[in-house]
Amino acid sequence: QVQLVESGGGLVQAGGSLRLSCAASGRTFSSYDMGWVRQAPGKEREFVAGIGWSGRITSYADSVKGRFTISRDNAKNTVYLQMNSLKPEDTAVYYCAASSSRRLPPPEYDYWGQGTQVTVSS
């Protein structure tokens with residue numbers, strides 16, 4: 001069992017930065033690939049970024065490449081999403097999720113966090 005708790009969301013102006021964190025409970029965190037998925041109002045959830053269990057492999061949606069960076073610290077059971085050059089279209093609820101699929105982007109997730117709101121004003 002893995003429990004995920006996101007933090008770091010908030011309101012930021014376009015061009016600004018935020019860093020999201022996702023703290024995981026459970027001793028098996030390092031065995032999961034991790035992903036960040038977002039959902040904007042009226043839209044379906046979309047993959048944002050993923051990172052393999054070791055941290056060596058990452059994957060990004062085209063819409064965030066070059067602006068967002070995913071990383072993880074297995075010693076701290078935490079995954080991060082550094083978001084730079086934010087745009088109004090990045091506004092969404094951002095979810096952290098854990099996957100045992102061993103594929104990036106993960107086709108499915110085993111555990112989800114509750115989400116954190118990111119709002120980018122123009």
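In case you missed it, the structure is sitting above this.
Residues numbered from 1 in each chain as written. Predicted model: local features only at pLDDT ≥ 70, side-chain atom pairs only at ≥ 80, totals over all residues. Heavy atoms only, no water.

## Side note on unusual backbone geometry
Phase 1: Omega for the bond connecting L104 with P105 falls within 30 degrees of zero, at -10°, which places this linkage in the cis form.
Phase 2: Positive phi outside glycine occurs at S85, with the angle close to 50°.
Phase 3: Topologically, S85 is positioned in the loop between β8 (78–83) and β9 (92–99).
Phase 4: The phi torsion at R102 lies on the positive side, around 65°, for a residue other than glycine.
Phase 5: With relative accessibility at 45%, the residue R102 sits in the partly exposed group. (Helix = DSSP H or I, 4+ residues; strand = E, 2+ residues; numbered from the N terminus. Buried < 20%, exposed > 50% of the residue type's maximum accessible area, 1.4 Å probe, protein only.)

## Examining the pairing of strand β7 (residues 68–73)
Phase 1: Only one face of β7 is buried, namely the one carrying F68, I70 and R72, since none of T69, S71 and D73 on the opposite face is buried.
Phase 2: The pairing of β7 with β8 spans six bridges and is classified as antiparallel. Its bridge partner being in β8, D73 is matched across the sheet by T78.
Phase 3: Counting the residues that bridge the hairpin from β7 to β8 gives four residues, and of these N77 lies at a positive phi of roughly 50°. (Pairing = 2+ DSSP bridges.)

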